[in-house]
Amino acid sequence: MDIYLAKTQGFCAGVSFAIEIVDEALRRFGAPLYVYHEIVHNTYVVNQFRDKGVIFVERIQDVPEGSRIIFSAHGVPPTVIEQAEARRLQFVDATCPLVTKVHNEATKFSNHHYETVLIGHRGHQELIGTAGYVDPQYLHIVEDEEDIDALNIDPQAPVAFITQTTLSVDDTEAMVEKLKQKFPNLNAPPRSDLCYATQNRQDSVKELAKDCDVIIICGSPNSSNSNRLRETGEKAGCPSYIIDTADELDLSVLNGKKKVGISSGASVPRIIVDDLVARIQQRHPDSRVHEFDNPEKNIVFALPKELREN
Ligand code: SF4
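These figures come from a predicted structure and were not determined experimentally.

Caption draft 1: Expanded view of the domain arrangement of the protein chain. By domain assignment, the protein chain separates into domain 1 (2–11 + 196–290), domain 2 (13–96 + 303–307) and domain 3 (98–182). Between domain 1 and domain 2, roughly 930 Å² of surface is buried when both sides are summed, and carbon and sulfur atoms account for 53% of that area. Of all residues in domain 1, the largest losses of buried area upon contact with domain 2 belong to Phe11, Asn222 and Ser267, amounting jointly to 47% of the total for that side. Where domain 1 meets domain 2, there are zero salt bridges. Residue composition of the side of domain 1 that touches domain 2, by class: seven nonpolar, four polar and one charged.

Below is the structure:
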């Protein structure tokens, strides 16, 4: 059996940035340290931090006044920042800079009174954060093409769109095309809101799908970008499965397969992939692993200035 590891996979610069912020804050200030929402959507990463004394909360009122809190990589709406200020919390913002870019676009469109169509998954933390930067009277959240059909916006009004960063590249393109047909003067963000990590990981899975008989994606159930990777493999015609940990894989899905592709979402630590490879090799001792140089290795986001070394 041959095992092919996707060229681009695993931690993106935004996830590394957020994890480094929590690590550095723990080193400097110690536990307990509060984090608003899961710092990134990965069970292993969250459990590791819990063991080190990090307390994850979903409500600012659950954090004792004056404590230190970190906002997760997905970003928060302005109301959360206001609540944190009201409780005199010392906060560090671990929002990925590429999500902050979308927040800035949202603010700009909203300030110019554009009807703002936000493409994304309702209930996802990033969408909740971004939606908070749009005046509710101009906000229209759409998840699929049916939602676009149902949009009831004055045809004379200026319309713009923004998106969650981790959506399916192909589905988003189709939705933007549909929006353009409905609103010919549609304003787009200067550059796609889908981030480089989303694009690269989906492209790599499409490459795997050309050659492999089956694809296994490592990623937690609540990870948007990991779920999109599984769908990308499946849509490219290759049976694709998602697992949170190596022992979740039903090894029978490999029966009769000669080429297995493995990828992992942007929030998945390498150890999960290594465990999966080890588990497959236990069952198939002669399997060979093919790995490629990661073209993203030089993409790094600098720590916020309050956590940089003096
Ligand atoms: S997936 Fe993209 S937007 Fe999300 S943290 Fe990574 S680089 Fe940032």
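Caption draft 2: How the structure looks around the nonpolar core. In this structure, Ile21, Val22, Ile39, Phe49, Val54 and Ile70 are the most contacted members of the largest nonpolar core, which totals 31 residues. For this core, the secondary-structure elements that each account for two or more residues are α1 (13–29), β2 (33–36), α2 (43–51) and β3 (54–57). Of all the elements, α1 adds the most residues to this core, at nine residues. Dropping the residues within four chain positions of it, phenylalanine 49 is found in contact with Ile19, Val22, Asp23, Leu26, Ile39, Val54 and Phe56. Residues Leu5, Leu254, Val260 and Val273 belong to the second largest nonpolar core, which totals 19 residues.

Caption draft 3: Summary view of the site of the ligand. Surrounding the ligand, one finds Cys12, Gly14, Val15, Cys96, Leu98, Val99, Thr165, Thr166, Cys195, Tyr196 and Ala266. Counting residues per element, the ones that place at least two in the shell around the ligand are α1 and α4 (97–111). Grouping the constituent residues of the shell around the ligand by class yields eight nonpolar, three polar and no charged. Taken domain by domain, the makeup of the shell around the ligand includes at least three residues from each of domain 2 (13–96 + 303–307) and domain 3 (98–182).

Caption draft 4: Molecular detail of unusual backbone geometry. Between alanine 31 and the following residue, proline 32, the backbone shows a cis peptide bond with an omega angle of -5 degrees. Counting through the fold element by element, proline 32 comes out in the loop between α1 and β2. With a phi close to 55 degrees, arginine 88 is a non-glycine residue in the positive phi region. Tracing the backbone through its elements, the reader meets arginine 88 in the loop between α3 (78–86) and β5 (90–93). The phi angle at histidine 113 is positive, at roughly 60 degrees, despite the residue not being glycine. Tracing the backbone through its elements, the reader meets histidine 113 in the loop between α4 and β6 (115–119). Classification of histidine 113 as partly exposed rests on a relative accessible area of 48%.

Caption draft 5: Examining the side chain of threonine 116 more closely. Along the chain, threonine 116 falls in strand β6. Here threonine 116 falls in the buried class, since its relative accessible area comes to 0%. Within the structure, threonine 116 has its side chain in polar contact with the backbone oxygen of tyrosine 114 (distance 3.0 Å). Among all residues touching threonine 116, those that are not within four sequence positions of it are Phe109, Ser110, Val134, Tyr138, Leu139, His140, Ala160 and Ile162.

What counts and what doesn't
- Residues numbered from 1 in each chain as written.
- Predicted model: local features only at pLDDT ≥ 70, side-chain atom pairs only at ≥ 80, totals over all residues.
- Heavy atoms only, no water.
- Domains from an automatic or database assignment.
- Buried area = accessible area lost by both parts, 1.4 Å probe.
- Salt bridge = Lys/Arg side-chain N within 4 Å of Asp/Glu carboxyl O.
- Nonpolar A, V, L, I, M, F, W, Y, C, P; charged D, E, K, R; others polar.
- Core = buried A, V, L, I, M, F, W, Y, C linked by side-chain atoms within 4.5 Å.
- Buried < 20%, exposed > 50% of the residue type's maximum accessible area, 1.4 Å probe, protein only.
- Helix = DSSP H or I, 4+ residues; strand = E, 2+ residues; numbered from the N terminus.
- Contact = heavy atoms within 4.5 Å.
- Near = heavy atom within 4 Å.
- Polar contact = N/O pair within 3.5 Å; in protein donor to acceptor, adjacent residues only side chain to side chain.

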